[in-house]
Number of protein chains: 2
Amino acid sequence: MINSENEIFFSESFPFWKALSSDEKKLINNNTELKLYKAGSTIHDSTECTGVLLIKSGELRVYILSPDGREVTLYRLGSGSTCLLTASCILKNITFSVMVDAEVDSEVFLISSSAFKELKNKNIQVESFSNDIINCHFSETMWAMEQILFTSFDKRLAFFLLEQSEEKKTETLNFTHEYIAKNLGSAREVVSRMLKYFQNEGIVSLARGSIIIKDRKKLEELK
Amino acid sequence: MINSENEIFFSESFPFWKALSSDEKKLINNNTELKLYKAGSTIHDSTECTGVLLIKSGELRVYILSPDGREVTLYRLGSGSTCLLTASCILKNITFSVMVDAEVDSEVFLISSSAFKELKNKNIQVESFSNDIINCHFSETMWAMEQILFTSFDKRLAFFLLEQSEEKKTETLNFTHEYIAKNLGSAREVVSRMLKYFQNEGIVSLARGSIIIKDRKKLEELK
């Protein structure tokens, strides 16, 4: 159920909102829940048809998951953004599935798939909004893929280490190889192999659970 | 201009065709060309807005191109298929661009972007068809990406070498590392490094311009 304060948020987030009839608004009102998700919790699992998400506050991460548990981040969504791939059951020809986690504590409006579908079938503006959102998701996904496929891994790893070192103001980064892999959309073994190569080149030294930057200049040249 | 034989093909390929008014059909008729493309030729370059393609015969390959010339195949389209990403200028929120080549000699109907856009804006069935096609392209792209990102490269290379060796009935494959990289959506250096590893393991031996399978059993175990 949406209260009047939230209705303002709906009208700002959904360009079609003002064109809805009172019955259509009621349909959404009666089929929407405001949910709170803790940082790190999973909002949508690829096996379900969770519904359409409208993010009130916080940040969500949309990613794909390999059979062996590797994650590749497609894009992130902030306040005012809509996620439709969490309702892929109502989207014709969408045959893949994604995972969605809360990156920080987040407030999310969850609109039931069936109510949204009914509205989409009735109202051309809702249909058109949905298609615009899907095109957006497609474009953002392609951007992420191009980054992963076309920027060579040594460059991306060098960039990541330097960025983290500057942010944390330290030469010693306490990261597991698994953690770096997740962040760079790669596999743990690939990260380990490249770090070993960096170590052989005298760029970093490796200890259990940490990476120490030894030659910042060489690392910067790799970028 | 579409003749009556081709009109049958249009009505079979476009689910909206029969619902068009005679004026709408005329709009398409007057803005469509049948073009012949030789195998290997480029039909669509990412910088242009070529138009909507309907493939009469042959096969097209849709791919993305890195700044340094690497190709990653997204999907292939055969007879009766429509390609919309070649008209991305008329698609809201599609901000990436693809390349399209003819894989074999192909006959392609090229519908002008502006005529298709006019039809799409007028006719809800055309709009809906377009969105279904985009969702299809999105799903096929995700499938390709999951293959590239989630299947480890040694497996994919082993699979490729065995498949080619069986197809060509030889243990000696005359492939450049560049050629293999293109086919597997990888970089030449990655292919070279993995082939060197295979050589060290006694699985293949490498000579200028060719790869000789030495231990088929080990290669099959990698798959």
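Residues numbered from 1 in each chain as written. Chains lettered and ligands numbered in written order. Predicted model: local features only at pLDDT ≥ 70, side-chain atom pairs only at ≥ 80, totals over all residues. Heavy atoms only, no water.

If you look chain A up in an unreviewed UniProt entry, it shows as HTH crp-type domain-containing protein from Fusobacterium ulcerans 12-1B.

Caption draft 1: Examining the UniProt feature "domain: HTH crp-type" (unreviewed entry) in chain A more closely. Under the feature "domain: HTH crp-type" (unreviewed entry), the UniProt entry names residues 151-217 of chain A. Helix makes up 58% of residues 151-217 of chain A and strand 15%, with an end-to-end C-alpha separation of 20 Å. (UniProt positions renumbered as here; feature names shortened; annotations may be inferred. Helix = DSSP H or I, 4+ residues; strand = E, 2+ residues; numbered from the N terminus.)

Caption draft 2: Local environment of the relation of the copies chain B and chain A. The two copies are related by a screw motion: chain B maps onto chain A through a turn of 180 degrees and a shift of 0.0 Å along the axis, at an RMSD of 0.1 Å. The symmetry that links the two subunits is that of a two-fold axis. Here 100% of the contact residues of chain B are again contact residues in chain A; the copies associate through an equivalent surface. (Least-squares fit on C-alpha atoms with pLDDT ≥ 70 in both. Contact = heavy atoms within 4.5 Å.)

Caption draft 3: Broad picture of the interface of chain B and chain A. Chain B puts 30 residues into the contact, and the matching count from chain A is 30 residues. For the chain B and chain A pair, buried surface summed over both sides reaches about 2,900 Å², with 68% attributable to carbon and sulfur atoms. Our count for the contact surface shared by chain B and chain A stands at two salt bridges. Between Lys92 of chain B and Asp132 of chain A there is a salt bridge, with the nearest N and O atoms lying 3.0 Å from each other. Applying the counting criterion to the chain B and chain A interface returns 10 residue pairs in polar contact (both at pLDDT 80 or more). Of all the secondary-structure elements, those providing two or more residues to the side of chain B that touches chain A are β4 (59-65), β5 (71-78) and α4 (124-150) of chain B. (Buried area = accessible area lost by both parts, 1.4 Å probe. Salt bridge = Lys/Arg side-chain N within 4 Å of Asp/Glu carboxyl O. Polar contact = N/O pair within 3.5 Å; in protein donor to acceptor, adjacent residues only side chain to side chain.)

Caption draft 4: Looking closely at the nonpolar core. Ranked by size, the top nonpolar core spans 100 residues in total, and within it Phe10 and Leu85 of chain A together with Phe10, Phe16 and Leu85 of chain B carry the most contacts. In this view, Leu85 of chain B contacts Phe138 of chain A together with His44, Tyr75, Leu91, Ile94, Phe96, Val98, Ile134 and His137 of chain B; residues no more than four positions away in its chain are not counted. (Core = buried A, V, L, I, M, F, W, Y, C linked by side-chain atoms within 4.5 Å. Buried < 20%, exposed > 50% of the residue type's maximum accessible area, 1.4 Å probe, protein only.)

Caption draft 5: Examining the pattern of salt bridges more closely. All names here are of chain A. What the rule picks out here adds up to 26 salt bridges over all chains. Arg61 is paired through a salt bridge with Glu71; the nearest N and O atoms lie 2.7 Å apart. Of this pair, Arg61 sits in strand β4 (residues 59-65) while Glu71 sits in strand β5 (residues 71-78), and the two are 10 residues apart along the sequence. Of the two residues examined, Arg61 and Glu71, each falls in the buried class.

Caption draft 6: Geometry of the layout of surface pockets. In this structure, the largest pocket spans a volume of roughly 1,600 Å³. The wall of the largest pocket is formed by 42 residues, among which Phe153, Val190 and Arg193 of chain A together with Val190 and Arg193 of chain B lie closest to the centre. Looking at the lining of the largest pocket, the elements with two or more residues in it are α4 (124-150), α5 (153-168) and α7 (188-200) of chain A together with α4, α5 (153-168) and α7 (188-200) of chain B. Ranked by residue count, the leading element in the lining of the largest pocket is α7 of chain A, at six residues. What the second largest pocket holds in volume is close to 710 Å³. Lining of the second largest pocket is provided by 26 residues; of these, Thr73, Arg76, Asn183, Leu184 and Gly185 of chain B occupy positions nearest its centre. Listing elements by their share of the lining of the second largest pocket, those giving two or more residues are β5, α4, α5 and α6 (177-184) of chain B. For the lining of the second largest pocket, the residue count by class is nine nonpolar, six polar and 11 charged. If you count residues domain by domain, the lining of the second largest pocket takes at least three from each of domain 1 (4-148) and domain 2 (151-222) of chain B. (1 Å grid on protein atoms, 1.4 Å probe; cavity = no way out; pocket = protein on both sides within 12 Å on 5 of 7 lines; lining within 4 Å. Points joined across faces, edges and corners; volume = space filled by probe spheres on them. Nonpolar A, V, L, I, M, F, W, Y, C, P; charged D, E, K, R; others polar. Domains from an automatic or database assignment.)

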